[in-house]
Amino acid sequence: MQIKMEKAILYARVSSKEQEQEGYSIPAQKKYLYDHALKNKYSVVKEFVDIESAKQSGRKNFVDMVKFLKKNRQIKIVLCEKTDRLSRNFKDIATLDSLINESDIKIILVKENFVLDKHSRSSDKLMFGFKALIAKHYIDNLSEESKKGMNQKAQEGIFPGLAPLGYKNVTKKENDRVLKTIEIDQTRAPLIKRLFELYSTGQYSLKRMRDIANEEGLRSRTGKKIHTSFIDKMLKNIFYTGSFYWSGKLCQGKHIPLISKKLFNMVQKSFQRFNKPHRLRKRRFAYAGLLKCAKCGSSITAEIHKEKFIYYRCTGYRGCKLTYVREEKIADMLFQAIKKISIDEELLNHCRKVFKNENKDQCEYRKAQSENLEKRKNLLKKRLEKIYVDKIDGKIPEETYDSLSSDWQEELKNINEKLINYQNKDFDYTEEGLKILEFANKILPLYLRQNKFERAKMLNIVLSNCTLDGKKLNPHYKKAFNLLAERSLYPNWGG
Ligand SMILES: [Zn+2]
């Protein structure tokens, strides 16, 4: 009897960083999905694989997959390891959502034991969206991981970032090894040295320094003129003395110093003498810092009319004729923006439950995997002991012993590495997700209790780069809150 198998496709994704880690590789994901397909009688007709690097977002094959599904309507099953493999942004989620609804597609997140289809509850969908979102957040944090590699470099005395002006980052190849070093930029270095010397005399203001630098032809790497703030930063940069700060620690660099420590200290003294720290300007207008002009991109400021009415306006003085907007109006629009991300107790509690189960599942999964590995480890150890005795007793030839024992040793090594990985807890996005949701649950009553300056602080947590366009305010949410804000656009998503 022949069983008719249902057709499916699979989707896998890794970041280039993850790929180096055991268990995250594409082959591992694919094997996992093929095993599941076999068990459940799916025949995988096509694979879509994305590899994400720091430069590329890695969505190309995701897009192809969506196209493929639209063209081949008979295929209804998408297999994927888990949420963070499938989707990293809200646009993807919305695309998947419409696929699910239009074509009756089922997305199976195998490791999470979760099926996303037409019949999924809206709150489950929201959770899915959330996980995807937080996964994205996690991936962003992964880049911090690469800092570990950078720390290594820093300890070796090589500044791990872009060297300041006056130096060049040089990549060399030596005996097939890539060597990254920092060398003096002979065209800019002499002038930079002179700038330090000039400023150390205490006779020059920073503005004057800037003019001298520009007159003498100093330009940024992109060929632009130098700003005062740039000069300020440069003259305070200890890198030029041969050392540098990394992760808060002073490291002795391998690069050649441009100036002496003595000169550097004299320059710092000049700063104390001539550049008293700026007095902190008190911000009188609560919401000004949150907004930019939608037309020209200038900052927004405010002024007081008739001694009591506060009006916000664009600071761009030429050509931009943005209307003045009353503060009350701005406050109201910002309040609406906050309201949009607020969630009720019911949804929060539901999310808590889902997250809790998820955590449990993950723990159980890890435990089961570890146990299997331990079993295999013990078996291998026994075999190795036995085969050694057999060799001594002359029961098996030397070559057989060599090849078998080296295979098993290798496997043991792999198992030990995997075990360490399981013991190091996976990133727990549930915790972070809950934090965001709890915040979204509390924000409204909290907001209402604050004065406008405190409100502005809260708004800063949630929003960035909002623009004022005529009388309309366009809120722009930070990543973590985007999904909550946009859920109203997608009523299926628990809005
Ligand atoms: Zn403007």
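Residues numbered from 1 in each chain as written. Predicted model: local features only at pLDDT ≥ 70, side-chain atom pairs only at ≥ 80, totals over all residues. Heavy atoms only, no water.

Remarks on the overall build of the protein chain
To keep it simple, the criterion reads: Numbering goes from the N terminus for both helices and strands, where a helix is a DSSP run of H or I of at least four residues and a strand is a run of E of at least two. Accessibility here uses a 1.4 Å probe with only protein chains present; expressed as a share of the type maximum, an area under 20% marks a residue as buried, one over 50% as exposed, and anything in between as partly exposed. Per-residue and other accessible areas follow the Shrake-Rupley method at a 1.4 Å probe size, with only the shown protein chains counted as cover for residues.
In terms of helices and strands, the protein chain carries 16 helices and 15 strands. When burial is assessed residue by residue, the protein chain has 41% of its 495 residues classed as buried. Summing over all exposed atoms, the protein chain offers an accessible surface of approximately 29400 Å²; the carbon and sulfur share of this is 51%.

A closer look at the sheet that holds strand β15 (residues 472-474)
Rules: Any two strands with at least two DSSP bridges between them are considered paired. Each axis is a line fitted through C-alpha atoms, taken for helices only over the stretch in contact, and angles between the N-to-C directions span 0 to 180 degrees. Residues are treated as being in contact if the distance between any of their heavy atoms lies within 4.5 Å.
As summarised here, the arrangement of the three strands in space is β10-β14-β15, forming an open sheet in which the pairing is mixed. Each of the sheet's edge strands pairs with one partner strand only, and the pair in question is β10 (291-293) and β15. Shown here is a sheet whose adjacent strand axes are inclined to one another by a mean of 35°, direction ignored. Of the strand pairs in this sheet, strand β14 (residues 466-469) and β15 are connected by three bridges, and their pairing is antiparallel. Opposite Asp 469, over in β15, you have Lys 472 as the bridge partner. Lying on the sheet, helix α11 (residues 327-341) is in contact with β10, β14 and β15; it crosses β15 at an angle near 35°.

As for the packing of helix α7 (residues 189-200) against helix α9 (residues 228-235)
This is how the line gets drawn: Note on terminology: angles under 35 degrees are roughly parallel, angles over 145 are roughly antiparallel, angles of 65 to 115 are roughly perpendicular, and the others are oblique. Lys, Arg, Asp and Glu make up the charged group, whereas Ala, Val, Leu, Ile, Met, Phe, Trp, Tyr, Cys and Pro make up the nonpolar group; the residues left over, Gly among them, are polar.
Interaxial distance between α7 and α9 falls to 11 Å at its minimum, and their mutual angle equals 85°. For the element pair α7 / α9, the angle class is roughly perpendicular. Seen from α7, the contacting residues are Ile 192, Leu 195, Phe 196 and Tyr 199; seen from α9, they are Ile 231, Met 234 and Leu 235. For the contact of α7 with α9, the residue count by class is seven nonpolar, no polar and no charged.

A word on the packing of aromatic side chains
Counted only if it meets this: Planes of paired rings set the category: under 30 degrees apart is stacked, over 60 is edge-to-face and the rest tilted, where pairs are Phe, Tyr or Trp rings (Trp by its six-membered ring) whose centres lie within 6.5 Å.
Per the stated rule, a full pass over the model turns up 13 aromatic pairs. Judged by centre distance (5.4 Å) and plane angle (70°), the ring pair of Phe 159 and Phe 239 falls under edge-to-face. One end of the pair, Phe 159, is in the loop between α6 (122-155) and β6 (167-174); the other, Phe 239, is in the loop between α9 and β8 (243-246), and 80 residues separate them in sequence. Look at Phe 159 and you get buried, because its relative accessible area is 16%. Taking relative accessible area as the criterion, Phe 239 reaches 2% and is therefore assigned buried. Ring centres of Phe 439 and Phe 481 lie 5.6 Å apart, and the angle between their planes is 50°; on these two criteria the pair is classed as tilted. Remark: Phe 481 occurs in helix α16 (residues 479-486) and Phe 439 occurs in helix α14 (residues 429-449); sequence separation between them is 42 residues. For Phe 481, a relative accessible area of 7% puts it in the buried group. Joined through ring pairs, the aromatic side chains of Phe 159, Tyr 167, Phe 196, Phe 239, Tyr 240 and Phe 244 make up one cluster.

Notes on the pairing of strand β11 (residues 300-305)
Two faces make up the sheet, and in a regular strand the side chains alternate between them. Looking at chain direction, β11 and strand β12 (residues 309-314) are connected through six bridges and run antiparallel. Paired with Ile 300 across the strands is Cys 314, a residue of β12. The antiparallel hairpin formed by β11 and β12 contains three residues in its connecting segment, where Lys 306 sits at a positive phi of about 50°.

Quick look at the sheet that holds strand β13 (residues 325-326)
Strand order across the open sheet formed by three strands is β11-β12-β13, with antiparallel pairing between neighbours. Where the open sheet ends on each side, the last strands, each with one partner, are β11 and β13.

Quick notes on α11
Note the following rule: Working rule for helices: expected span equals 1.5 Å times residues minus one. By construction, the arc corresponds to the directions joining the helix axis to the C-beta atoms.
Over its 15 residues, α11 runs 22 Å from end to end, which matches the ideal 21 Å to within 8%, given 1.5 Å per residue. Burial in α11 covers these residues: Glu 327, Ile 330, Met 333, Leu 334, Ala 337, Ile 338 and Ile 341. Summarising the axial view, the buried residues of α11 lie within an arc of 145°, below the 170-degree limit, and thus occupy one face.

Details of helix α8 (residues 206-215)
Along α8, the residues that are buried comprise Leu 206, Met 209, Ile 212, Ala 213 and Asn 214. Positive backbone phi, approximately 90°, marks Gly 217, located one or two places after α8.

Structural notes on the confidence of the model for the protein chain
As a note on interpretation, predicted positions should not be read in detail where pLDDT is low. To be explicit about the condition: On a scale of 0 to 100, pLDDT captures the predictor's confidence in every residue.
Predicted confidence across the protein chain gives a mean pLDDT of 81, with 81% of residues reaching 70 or more. Mean pLDDT values for the elements of the protein chain range from 59 in α6 up to 94 in strand β3 (residues 77-80). Within the model, pLDDT remains below 50 along residues 277-282, and this stretch shows zero contacts once partners closer than five positions in the same chain are excluded.

Here we look at the pairing of strand β1 (residues 6-15)
Along β1, eight of the ten residues are buried, which leaves the element largely enclosed by surrounding structure. The sheet contact formed by β1 and strand β2 (residues 42-52) spans ten bridges and is parallel. Looking at β2, one finds that Ala 8 is bridged to Val 44. Where β1 and β3 come together, four bridges link them in parallel fashion. Bridged to Tyr 11 within β3 is Cys 80.

Let's talk about the environment of Phe 481
With 44 residues separating them in the primary sequence, Phe 481 and Leu 437 have C-alpha atoms 9.2 Å apart. For Phe 481, the contacting residues outside a window of four places in its chain are Ile 341, Ile 436, Phe 439, Ile 461 and Val 462.

Section: the pattern of salt bridges
Just so we agree on the cut-off: In the sections that follow, a salt bridge refers to a side-chain nitrogen of Lys or Arg positioned within 4 Å of a carboxyl oxygen of Asp or Glu.
On inspection of all chains with the given rule, the structure shows 16 salt bridges. In this structure, Asp 232 engages Lys 236 in a salt bridge whose closest nitrogen and oxygen atoms are separated by 3.0 Å. A residue is classified by how much of its surface remains accessible, and Lys 236, at 41% relative accessible area, is partly exposed. Arg 326 is paired through a salt bridge with Glu 328; the nearest N and O atoms lie 3.1 Å apart. Owing to a relative accessible area of 30%, Arg 326 belongs among the partly exposed residues under this scheme.

Here's the deal with the nonpolar core
Selection criterion: Note on terminology: a nonpolar core comprises buried Ala, Val, Leu, Ile, Met, Phe, Trp, Tyr and Cys residues joined through side-chain atoms within 4.5 Å.
Counting residues in each nonpolar core, the largest one holds 44 residues, and the members touching the most others are Tyr 287, Tyr 312, Ile 330 and Leu 334. Examining the composition of this core, we find that seven residues originate from one element, α14, more than from any other. Excluding residues that lie within four positions of it along the chain, Tyr 287 makes contacts with Tyr 312, Glu 327, Ile 330, Ala 331, Leu 334, Lys 452, Arg 455, Ala 456 and Leu 459. Counting 35 residues, the second largest nonpolar core, distinct from the first, contains Ala 154, Trp 246, Cys 251 and Phe 264.

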